[in-house]
Amino acid sequence: MNRKWWQDKVAYQIYPKSFNDSNNDGIGDIPGIIEKLDYLKNLGVDIVWISPCYPSPFADQGYDISDYYNIHPVFGTLEDMDRLLAEAKKRNMYIILDLVVNHCSDEHEWFKKACQDPDGKYGNFFYIEDRKEGELPCNWRSYFGGSVWEPLPGHPDKQYLHVFHKKQPDLNWENPEVREEVYKNINWWLDRGVSGFRIDAIINIKKKLPFKDYPVDRSDGLSSIRYMLEDAEGVGEFLSEMRDRTFAPHNAFSVGEVFNEKDDELPDFIGDNGYFSSMFDFSTEVFGGSDKGWYDQAPITPDDYKKCCFNSQKRVSNVGFLSNIIENHDEPRGVCRYIPEGDLSLHSKKLLATVYFMLKGLPFIYQGQEIGMENLSFQSIDQIDDVSTIDQYHVALDAGFSEKEALACVSRYSRDNARTPVQWDSSVNAGFSEGTPWLPVNPNYTEINVASQINVPESLLSYYKKLIALRKDPVYKETIVYGELIPYLEDRHNLMAYYRKGEKTLLVLGNFQKETQTVKLPATYKKILLNNYAELRVIDGSVILDDYQAVILEL
Ligand code: TEU
Ligand code: CA
């Protein structure tokens, strides 16, 4: 594996609508991000990924872009973005943007022109098919529910394809003109000073053509896109062309949102000359998932969590670098998902932070994760903004659940859990905004907020700071960034333990339960590098780990 500039870094995801509102209109913005750059720098963050902040009608909260060359006025201006890039650079920080090019918005001029003249140049930017009554080109279900086909506005005899929302028409990547437009845009941003991209939903760009049906898997008579994606071949041709024309010549960082890749494809995706620098490890997020919908998703136990992480580490081994997360803007809060119900505490939050952050790969922190933000407890479906959650609520109702039960199911996985405003302090609206926030602030903000943790040595925020500092410590960096990961006592129930072996040998131990647990040490330790308790009990070469105790030892 070749060494790259970004590998020893720490990344942080900003969901701009909910990060920090500088002008009190209830929506976070770019000047608000600039205000908090010192906070991020102080935490130790290097790379900042900002979810879409381009012009958009917000049918899918910015993942429906109507202009790839501008900033949505609610977030600021291009000048604000330039200022952010300059301010980041001053602090040796790197800004990466979200590249959303499987689809654009139906309000993008390309789609408007396609509607004006479906047989013209822009008609071929999309997948447009003739429409016959009672017949669809294929039975694929869109990710947000319903058929992927929608009548083309102004042309009742035609229809277009959208694998996400109907306001997100899919771009036709088979058309070289589309690809040229995408590369032009990427290079325009890279030349402006952006350091790279997080690449949205990218596996969907390759469709299996001609359109055909796949097995029906729900009572709606439709079929999950998953089957089509497994069948489609050749995405690599598009991805390598994109790399060669954009990221590679700029030495940019790219992280793919990749699901469903096969083991033997890993070198193509993230090997030395892979399509991307890195890709997210979603193994713990997709665990227990069901084709039926969220209501049928199985909860994940600490043993499952460990197995998923170790399995990903084994798969990737020395091929490349995974990007490790416990949450993002599409997932519930990691602490509520991976810590068993009833066990949520400062100790368990620190344990989860330790065991994921010390994995081999590039750690990403999602905004608010560093202070232990938790899921929102939804009282009614009317409180929910997210299209995906609303769809899944109906999926649960259709499956026979009561309204109350359906709400309970979707609350567990709702994307809005992670989209509530960042809790900065205990003042009104958690210091996020003096206006009315676009999504409600979690009422627990009076206890969970940045101000109450920032100068408190025992806080989760201080703990994250220590984890980051350890990754950057010149003595341990080589081992933490590049050292091998070897599981320790892999089969032990509710213990997540592994070595990181490089110049040094480190041992990470996490007691993933309330009950104490005695663990034999493989050797005496030289030093305790981090401990979420004040002490570590050692008797006869064994450590006695307390309720959710996590330690990092140098052997
Ligand atoms: O997500 C793509 C994706 O496949 C899933 O994360 C999916 O959207 C989610 O599980 C539905 O609940 C990306 C973005 O991260 C997401 O926010 C966008 O909605 C989506 O693409 C479309 O752009
Ligand atoms: Ca604002």
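Numbering of residues starts from 1 in every chain and runs along the sequence as written. Here every chain gets a letter starting at A, and every ligand a number starting at 1, in the order they are written. Totals for whole chains, interfaces and linings use every residue, but because this is a predicted model, local features are given only for residues with pLDDT of at least 70 and side-chain atom pairs only at 80 or more, for both listing and counting. For side-chain calculations, the full set of non-hydrogen atoms in the structure is used, while hydrogens and water are omitted.

**A closer look at the pairing of strand 17 (residues 517-520)**
Step number 1: Burial along strand 17 is one-sided: the face carrying Gln517 and Val519 is buried and the face carrying Thr518 and Lys520 is not.
Step number 2: Here strand 17 runs beside strand 20 (residues 542-545); their pairing, made up of four bridges, is antiparallel. Its bridge partner being in strand 20, lysine 520 is matched across the sheet by serine 542. We call a residue buried when its accessible area falls under 20% of the maximum for its residue type, exposed when it is over 50%, and partly exposed in between, using a 1.4 Å probe and counting protein chains only. Only runs of H or I of at least four residues qualify as helices and only runs of E of at least two qualify as strands under DSSP, and these elements are numbered from the N terminus. Strand pairing is defined by DSSP finding a minimum of two bridges between the two strands.

**What about the coordination of the calcium ion (ligand 2)?**
Step number 1: The protein atoms that coordinate the calcium ion (ligand 2) are Asp21 (OD), Asn23 (OD1), Asp25 (OD), Ile27 (O) and Asp29 (OD), at distances spanning 2.2 to 2.3 Å.
Step number 2: If you list the donors of the calcium ion (ligand 2) from N- to C-terminus, the spacing comes out as D-x1-N-x1-D-x1-I-x1-D.
Step number 3: On the accessibility criterion, asparagine 23 (47% relative accessible area) is partly exposed. Water is not among the atoms examined, so metal sites may look incomplete; donors are the N, O and S atoms within 2.8 Å of the metal, or within 3.2 Å for Na, K and Ca.

**Re the site of ligand 1**
Step number 1: The criterion for a residue being near a molecule or strand is simple. One of its heavy atoms has to lie within 4 Å of it. Taken together, 17 residues are adjacent to ligand 1, and Asp60, Asp200, His329, Asp330 and Ser388 come closest.
Step number 2: With respect to ligand 1, the side chain of arginine 198 contributes an N or O atom lying 2.9 Å from an oxygen atom.
Step number 3: The contact in question runs from an oxygen atom of ligand 1 to an N or O atom on the side chain of arginine 415, over 3.0 Å.
Step number 4: Here ligand 1 has 490 Å² of accessible area as a free molecule, and 90% of this is covered by the chains.
Step number 5: Charged residues are taken to be Asp, Glu, Lys and Arg, nonpolar residues to be Ala, Val, Leu, Ile, Met, Phe, Trp, Tyr, Cys and Pro, and polar residues to be all remaining types, Gly included. Residues that form the shell around ligand 1 fall into these classes: six nonpolar, four polar and seven charged. Residues adjacent in sequence count toward polar contacts only when both atoms are side-chain atoms; beyond that, a polar contact is any pair of N or O atoms within 3.5 Å, and within protein one must be able to donate a hydrogen and the other to accept it. Only the protein chains shown count as covering a residue, and every accessible area follows the Shrake-Rupley method with a 1.4 Å probe.

**Brief notes about the sheet that holds strand 19 (residues 537-539)**
Step number 1: Strand order across the open sheet formed by three strands is 17-20-19, with antiparallel pairing between neighbours. Here the strands that pair on one side only, and so sit at the sheet edges, are strand 17 and strand 19. Taking each pair of neighbouring strands and ignoring which way they run, the sheet shows an average axis angle of 30°.
Step number 2: Where strand 19 and strand 20 come together, three bridges link them in antiparallel fashion. Residue pairing for strand 20: isoleucine 539 is matched across the bridge by serine 542. The convention used is that axes are lines fitted to C-alpha atoms, helices contributing only their stretch in contact, and that angles between N-to-C directions extend from 0 to 180 degrees.

**Notes on the packing of aromatic side chains**
Within a pair of aromatic rings, the relevant descriptors are the distance that separates the centres and the angle that separates the planes.
Step number 1: Paired rings are identified among Phe, Tyr and Trp, the last through its six-membered ring, by centres lying within 6.5 Å, and are further divided according to the angle between planes into stacked (under 30 degrees), edge-to-face (over 60) and tilted (the rest). On inspection of all chains with the given rule, the structure shows 38 aromatic pairs.
Step number 2: When the centroid spacing of 5.3 Å and the interplanar angle of 80° are considered together, the rings of phenylalanine 19 and tryptophan 424 count as edge-to-face. In this pair, phenylalanine 19 is assigned in the loop between strand 1 (11-14) and helix 1 (30-35) and tryptophan 424 in the loop between helix 14 (403-413) and helix 15 (460-472), connecting sequence segments 405 residues apart.
Step number 3: Here the aromatic residues Trp49, Phe259, Phe280, Phe282 and Phe364 are joined through ring pairs into a cluster of three or more.
Step number 4: Whether a charge lies above a ring is judged from NZ of Lys or CZ of Arg, which has to be within 6 Å of the ring centre and within 35 degrees of the ring normal. A cation sits over an aromatic face here: arginine 3 above tyrosine 482, 3.6 Å from the ring centre.
Step number 5: The ring of phenylalanine 58 has lysine 17 sitting right over it, with the charged end atom 4.1 Å from the ring centre.

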